[in-house]
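# Notes for the structure review
Here is what each chain is made of, one letter per residue.
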Amino acid sequence: MEKNTLCELKNLHTGFRIKDTYYDAIENVNLTLYSNEVLAIVGESGCGKSTLATTIMGLHDFNYTRVSGEVIFEEKNLLALNQEEYNKIRGGKIGMIFQDPLSALNPLQRIGAQIEEALTYHTKLSDEEKKARVLELLEKVGIENPARVYRQFPHQLSGGMRQRVMIAMALSCKPKMIIADEPTTALDVTVQAQILDLMKGIQDKLGMSIILITHDLGIVADKADDVVVMYAGQIVEQGKTNDIFYNPKHPYTKNLLASVPRPDMKKGEPLYSIQGTPPDLYKPPMGCGFFDRCSEAMIVCEKNMPEFYEHGNG
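None of the values given here were measured: they were computed from a predicted structure.

Mapped onto the elements, Asn 82 comes out in the loop between strand E5 (76–77) and helix H2 (83–89). A distance of 2.8 Å separates a polar side-chain atom of Asn 82 from the backbone nitrogen of Glu 85.

The structure is reproduced here in structure tokens:
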């Protein structure tokens, strides 16, 4: 069955200005998100995952940020839109679940008012209809007493409930795509499972697409259709989840997978970790950014970035 492309990134670069120089946090990113699929983006902290998300959402201050390339969503290049045009898509057709709900939510506003904000901007619902929609959303994300939570402030909720509120907010306008940036980082394992099952269930029911940014490869194996592996601001490998897990090609991907604790580990066996640190983006390497940490490195890798090759179907 032919898949429909929902969002496509082409040669995307995002650089941040420090003094008078721009330093690329993501560089030459090309990827495709298909309709009704979950695309996971994995990699170490600082590899550019969250910058990629905020670039798609257009959340950077362009006095200090330089963005080039294309973000094609429903055949429109979002980077070519003005702010008014972008605002019609951001929060409406594209929602985002932020990494830390306590800092993403306004501490001075009640939960109901914060979820209603997107409905006020993107719909013509009456006040009564907006409230009914918010209560429906809160119930849909598994909150037992929606009427009470509607009146509460963020600090009155647990971490899991705040994350559910963030999901309700992202779903409020029935988006076609959601970007979930580390949506379960601060939650315990039981609540993580509930949140992820909730997101997957809603995704299947509504037919939307999700870009899932995470460090947790267990989550990726369970929930994602496709995987993108990022390192030092670049994509180093991408493919179907099973292919990435069972037949990884890039040494960095192999090292990431080797770092996951295994049920068959012997007592006292040390956990594997990748030696060294990611490269300093103030002084980016000429060739492969993983050169200094790679057991398979060759002399050519130091000055030349390896090209992409297709190893099988996709």
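Having seen the structure, we can now continue with the description.
Right, let's talk about a positive patch on the surface for a bit. Taken together, the side chains of Arg 110, Lys 131, Arg 148 and Arg 151 define a basic patch exposed on the protein surface. Locating Lys 131 in the fold gives a position in helix H5 (residues 127–140). Assessed through its relative accessible area of 40%, Lys 131 is described here as partly exposed.

As a further point, take the layout of surface pockets. Counted as a void, the largest pocket has a volume near 790 Å³. Every residue lining the largest pocket is counted, 29 residues in all, and those nearest its centre are Val 236, Lys 249, His 250, Tyr 309 and His 311. Among the secondary structure elements, those contributing two or more residues to the lining of the largest pocket are strand E10 (234–240) and helix H10 (241–246). Here the lining of the largest pocket takes five residues from E10, the largest share from any one element. Looking at the lining of the largest pocket residue by residue, the class counts come to 14 nonpolar, eight polar and seven charged.

Here we take up the confidence of the model for the chain. Here the chain shows a mean pLDDT of 91. Residues at 70 or above account for 99%. Mean pLDDT across the secondary structure elements of the chain bottoms out at helix H8 (residues 189–206), with 83, and peaks at helix H6 (residues 146–151), with 97.

The next point concerns unusual backbone geometry. Phi at Lys 174 takes a positive value of approximately 55°, unusual for a residue other than glycine. For Lys 174, the position within the fold is in the loop between helix H7 (159–171) and strand E7 (177–181). Taking the relative accessible area as the measure of exposure, Lys 174 reaches 60% and is therefore exposed.

Quick look at the side chain of Gln 234 now. Tracing the sequence through the fold places Gln 234 in strand E10. Each residue touching Gln 234, except ones within four places of it in the same chain, is listed here: Glu 27, Cys 47, Val 229 and Met 305.

With that settled, the discussion passes to the sheet that holds strand E4 (residues 65–73). Taken together, four strands build an open sheet; the order of strands is E2-E1-E4-E5 and the sheet is antiparallel. The open sheet is flanked by strand E2 (21–34) and E5, the only strands paired with a single partner. By the bridge criterion, two bridges tie E4 to E5 in an arrangement that is antiparallel. Its bridge partner being in E5, Phe 73 is matched across the sheet by Lys 76.

Leu 138 and Val 165 are the most contacted members of the largest nonpolar core, which has 54 residues in total. Other than its neighbours up to four places away in sequence, Val 165 contacts Leu 105, Ile 111, Ile 115, Leu 138, Ile 143, Val 149 and Leu 157. Judged by nonpolar contacts, the second largest core, of 29 residues, contains Leu 12, Leu 52, Val 71 and Tyr 86.

A separate point is H8. Along its 18 residues, H8 runs 26 Å from first to last C-alpha, staying within 8% of the 26 Å computed at 1.5 Å per residue. Positive phi appears at Gly 207, one or two residues downstream of H8, with a value of about 70°.

On to the packing of helix H4 (residues 111–122) against H7, then. Packing of H4 against H7 brings their axes to within 8 Å, and their N-to-C directions diverge by 25°. The orientation of H4 relative to H7 falls into the category roughly parallel. Relative to H7, H4 is oriented so that their crossing is right-handed. Contacts between H4 and H7 involve Ile 111, Gln 114 and Ile 115 from the former and Val 165, Ala 168 and Met 169 from the latter. Among the residues making up the contact of H4 with H7, the classes are represented as five nonpolar, one polar and no charged.

Cut-offs used in this document
Residues numbered from 1 in each chain as written. Predicted model: local features only at pLDDT ≥ 70, side-chain atom pairs only at ≥ 80, totals over all residues. Heavy atoms only, no water. Helix = DSSP H or I, 4+ residues; strand = E, 2+ residues; numbered from the N terminus. Polar contact = N/O pair within 3.5 Å; in protein donor to acceptor, adjacent residues only side chain to side chain. Patch = residues over 30% accessible without salt bridge, like charges linked within 9 Å, V, L, I, M, F, W, Y side chains within 5 Å. Areas by Shrake-Rupley, 256 points an atom, 1.4 Å probe, with all protein chains shown as cover. Salt bridge = Lys/Arg side-chain N within 4 Å of Asp/Glu carboxyl O. Lys, Arg positive; Asp, Glu negative; His and termini not counted. Charge placed at Lys NZ, Arg CZ, Asp CG, Glu CD. Buried < 20%, exposed > 50% of the residue type's maximum accessible area, 1.4 Å probe, protein only. 1 Å grid on protein atoms, 1.4 Å probe; cavity = no way out; pocket = protein on both sides within 12 Å on 5 of 7 lines; lining within 4 Å. Points joined across faces, edges and corners; volume = space filled by probe spheres on them. Nonpolar A, V, L, I, M, F, W, Y, C, P; charged D, E, K, R; others polar. pLDDT = per-residue confidence, 0-100. Contact = heavy atoms within 4.5 Å. Pairing = 2+ DSSP bridges. Core = buried A, V, L, I, M, F, W, Y, C linked by side-chain atoms within 4.5 Å. Expected span 1.5 Å × (residues − 1). Axes fitted to C-alpha atoms, helices over the stretch in contact; angles between N-to-C directions. Parallel < 35°, antiparallel > 145°, perpendicular 65-115°, else oblique. Left-handed = near helix turned anticlockwise from the far one by under 90°.

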